[in-house]
Amino acid sequence: MDIKEILTRIGYVRNQANLSARELSLRIGMSQQYIGKIEGGHIVLTVEKLLQILEICNFSLDRFFSKNIYDYNEDKELENLLSTLPLEKKKHIIEFIKR
């Protein structure tokens, strides 16, 4: 994942929490323009601030760094369902998907 994708995901997380860049900036104790500058790639985001952003937006670190942030819930649900199946059924599903 490159920096551009991380910045895009920060905007997605913020929008999912229905927060403006200004409001999120203030909630993490920074200047009004802080999040806008991060999303614009003008300042470097620290891990500490990323964790604060995710906590305020009620967004998991696992989802943020998942392969597909947009389908995460569906992917997790499938993963959970598949993990309960016996091996033979898993093999059948794999073959079905490959076709």
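Data block above holds the structure.
For clarity, every value in this text was computed on a predicted model and none was experimentally measured. (Residues numbered from 1 in each chain as written. Predicted model: local features only at pLDDT ≥ 70, side-chain atom pairs only at ≥ 80, totals over all residues. Heavy atoms only, no water.)

Which residues make up the side chain of S66, and what values do they have?
Relative to the elements of secondary structure, S66 occurs in the loop between α5 (61-64) and α6 (72-83). Classification of S66 by relative accessible area gives buried; the value is 13%. Residues contacting S66, with those up to four places away along its chain left out, are M1, R9 and Y72. (Helix = DSSP H or I, 4+ residues; strand = E, 2+ residues; numbered from the N terminus. Buried < 20%, exposed > 50% of the residue type's maximum accessible area, 1.4 Å probe, protein only. Contact = heavy atoms within 4.5 Å.)

With reference to specific residues and values, describe the environment of Y34.
Within the secondary structure, Y34 sits in helix α3 (residues 34-39). Counting along the chain gives eleven residues from Y34 to L45, while the straight-line C-alpha distance between them is 9.6 Å. What Y34 contacts, discounting residues up to four positions off in sequence, is S25, I28, I43, V44, L45 and K49.

So, the pattern of salt bridges: which residues are in play, and what are the values?
Scanning the entire structure with this criterion turns up five salt bridges. Taking the shortest distance from any N to any O, the salt bridge between D62 and K76 comes out at 3.8 Å. Residue D62 is found in helix α5, and its partner K76 is found in helix α6; the two are separated by 14 residues along the sequence. When salt bridges with common partners are traced through the structure, they connect D62, K76 and E79 into a single cluster. (Salt bridge = Lys/Arg side-chain N within 4 Å of Asp/Glu carboxyl O.)

Quick one: what's the story with helix α1 (residues 3-16), residue by residue and with numbers?
Think of an α-helix as 3.6 residues a turn; residues three or four steps apart then line up on the same face. The end-to-end C-alpha distance of α1 is 20 Å, a good match for the 20 Å that 14 residues give at a rise of 1.5 Å each. When α1 is considered as a whole, its buried residues turn out to be I6, L7, R9, I10, G11, Y12, V13 and R14. Residues of α1 that are buried sit in contact with α2 (21-27), α3, α4 (47-56) and α5. The positive-phi residue at the C-terminal boundary of α1 is N18, with phi of around 55°. (Expected span 1.5 Å × (residues − 1).)

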